[in-house]
Amino acid sequence: AVNIAMVNELKVIFDRMGIDVWEVIEAASAKPFGFMPFYPGPGLGGHCIPIDPFYMAWRAAQMGAPARLIGLAGEINHAMPGHVVDRLESALAARDTRLGGSRVLVLGLAYKPDIDDVRESPALEIITLLRGRGVSVEFSDPHVPRTHAMRRYDLGMASVDLTAERIASYDACVLVTDHAAFDYGLLARHARLVVDTRNAFRAFASEMGERRVKA
């Protein structure tokens, strides 16, 4: 959780500096020993990392030894869905499109690639934030045919199939979960705008140009 928070924080800082965090990680990974890469994303999901560290933090507080680093990591990681929405808003604004009233497709509902587990998925929070801003949101996930009622979310949504016409109908697509089953070439050719939170469209960077925004 702490390592992921650090790279997420660096992503936000590097955005302001005009530095590509993915290039930095790739360069650092050339170190032949003693380096373990962690990658930024739209937030944390699953049944463990977003939750379990706070059991320890709760117990530490009881013992009079606050787990400040765990708390700060949680703040950073839980802020990432909001960061994604902010990046989407600014990218749309650069195209003279308002976030409110726009049509957005969220790509991937599961919390990590190639599974159907949506527990604590950042996609759920991103969809909720977008709806709260007046956005018409749909999602596509080859592993999650529909949403179900959860502890904090009951979105009442069904996955949509990806066709060229459907992809082109959205003001933007937000890639949250980089499933292998997605046809990235199809998306790269037909999406008006892609907010790429996983660096999944790197092979199409030159083809997409300003239609691809990293978040």
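If you're wondering where the values come from, they're calculated on a predicted model, not measured in any experiment.

Asker: I would appreciate a short explanation of the overall build of the chain in the present structure.
Answerer: Helix and strand content of the chain: nine helices and five strands. The linear arrangement of helices and strands in the chain, starting from the amino end, is α-α-α-α-α-β-α-β-α-β-α-β-α-β. Computed over its C-alpha atoms, the radius of gyration of the chain comes to 18 Å, within 12% of the 17 Å expected for a compact globule of 215 residues. C-alpha extents for the chain along the principal axes are approximately 60 × 45 × 30 Å.

Asker: Got a minute to help me understand the side chain of Thr177 in this structure?
Answerer: Counting through the fold element by element, Thr177 comes out in the loop between strand S3 (172–175) and helix H8 (184–190). Judged by its relative accessible area of 1%, Thr177 is buried. Within the structure, Thr177 has its side chain in polar contact with the backbone oxygen of Ala110 (distance 2.6 Å). Not counting the four nearest positions on each side in its chain, Thr177 is found in contact with Leu107, Gly108, Leu109, Ala110, Lys112, Pro113 and Phe182.

Asker: Help me out: how do you make sense of the packing of aromatic side chains in this one?
Answerer: The relation between two aromatic rings is expressed through the spacing of the ring centres and the mutual angle of the planes. Following the criterion strictly, the structure yields three aromatic pairs and no others. Plain terms: the ring middles of Trp22 and Tyr39 are 5.9 Å apart, the flat faces sit at 15° to each other, and that makes the pair stacked. Remark: Tyr39 occurs in the loop between helix H2 (21–28) and helix H3 (52–62) and Trp22 occurs in helix H2; sequence separation between them is 17 residues. A ring pair is formed by Phe182 and Tyr184, whose centres lie 6.1 Å apart and whose planes are at 85°; its orientation type is edge-to-face. The ring of Phe33 is capped by Lys31, whose NZ or CZ atom sits 4.2 Å from the centre of that ring.

Asker: Can you walk me through the nonpolar core in this structure?
Answerer: Most often, soluble globular proteins have nonpolar side chains that are buried together. Among the nonpolar cores identified, the biggest contains 30 residues, and Leu88, Val106, Leu109, Ile127 and Leu130 are the most heavily contacted of them. Looking at this core, the elements with two or more residues in it are helix H5 (80–93), strand S1 (103–107), helix H6 (122–132), strand S2 (136–140) and S3. When near neighbours in sequence (up to four residues on either side) are disregarded, Leu88 contacts Leu99, Val104, Leu130, Ala172, Val174, Leu193 and Val195.

Asker: Could you clarify how one ought to interpret the packing of helix H1 (residues 2–17) against H2 in this entry?
Answerer: When two helices pack together, their arrangement is given by the angle between the helix axes and by the axis-to-axis distance. Between H1 and H2, the least distance of the axes is 9 Å, while the angle of their chain directions is 125°. Classed by the angle they form, the pair H1 and H2 counts as oblique. Contacts between H1 and H2 pair Val7, Lys11 and Phe14 from the former with Val21, Val24 and Ile25 from the latter. Of the residues that constitute the contact of H1 with H2, the class distribution is five nonpolar, no polar and one charged.

Asker: I tried to follow helix H4 (residues 68–78) on my own but got confused; where do I start?
Answerer: Every α-helical turn comprises 3.6 residues, leaving residues that sit three or four positions apart pointing alike. Every buried residue of H4 is listed here: Ile70, Ala73, Gly74, Ile76 and Asn77. Seen from one end, H4 has its buried residues packed into an arc of 165°, which puts them on one side. For H4, the exposed residues set more than 90 degrees away from the buried face come down to Arg68 and Glu75.

Asker: So what exactly am I meant to see when it comes to the environment of Phe182 here?
Answerer: Here Phe182 lies in the loop between S3 and H8. We classify Phe182 as buried; its relative accessible area is 6%. Along the chain, Phe182 and Gly108 lie 74 residues apart, while their C-alpha atoms are 9.0 Å from each other. Beyond its immediate sequence surroundings of up to four residues, Phe182 is in contact with Leu107, Gly108, Ser140, Asp141, Pro142, Leu162, Leu175, Thr177 and Leu187.

Asker: In this structure, what is going on with the sheet that holds S1? I would like to understand it.
Answerer: Pairing between sheet strands relies on hydrogen bonds along the backbone, with the strands arranged either parallel or antiparallel. Spatially, S2-S1-S3-S4-S5 is the arrangement adopted by the five strands of the open sheet, whose pairing is parallel. Every interior strand has two partners, whereas the edge strands, S2 and strand S5 (212–214), have only one. Here the strands of the sheet are splayed against their neighbours by 25° on average, with no regard to which way each runs. In this structure, S3 lies alongside strand S4 (residues 194–196), joined through three bridges in parallel fashion. When the bridges of S4 are listed, Val174 appears paired with Val195. Strands S1, S3, S4 and S5 of the sheet are contacted by H5, whose axis makes an angle of about 155° with S3.

Asker: Explanation requested: the environment of Ala168 in the structure shown.
Answerer: Within the element layout of this structure, Ala168 appears in helix H7 (residues 164–169). Accessibility expressed as a relative area gives 31% for Ala168, which makes it partly exposed. In the structure, Ala168 is positioned 19 residues away from Leu187 in sequence and 8.7 Å away in space, judged by C-alpha atoms. Each residue touching Ala168, except ones within four places of it in the same chain, is listed here: His190 and Arg192.

Basis of the calculations
- Residues numbered from 1 in each chain as written.
- Predicted model: local features only at pLDDT ≥ 70, side-chain atom pairs only at ≥ 80, totals over all residues.
- Heavy atoms only, no water.
- Helix = DSSP H or I, 4+ residues; strand = E, 2+ residues; numbered from the N terminus.
- Rg over C-alpha atoms; globule rule 2.2 N^0.38 Å.
- Buried < 20%, exposed > 50% of the residue type's maximum accessible area, 1.4 Å probe, protein only.
- Polar contact = N/O pair within 3.5 Å; in protein donor to acceptor, adjacent residues only side chain to side chain.
- Contact = heavy atoms within 4.5 Å.
- Phe/Tyr/Trp six-rings, centres within 6.5 Å; stacked < 30°, edge-to-face > 60°.
- Lys NZ or Arg CZ within 6 Å of the ring centre and 35° of its normal.
- Core = buried A, V, L, I, M, F, W, Y, C linked by side-chain atoms within 4.5 Å.
- Axes fitted to C-alpha atoms, helices over the stretch in contact; angles between N-to-C directions.
- Parallel < 35°, antiparallel > 145°, perpendicular 65-115°, else oblique.
- Nonpolar A, V, L, I, M, F, W, Y, C, P; charged D, E, K, R; others polar.
- Arc of directions from axis to C-beta.
- Pairing = 2+ DSSP bridges.

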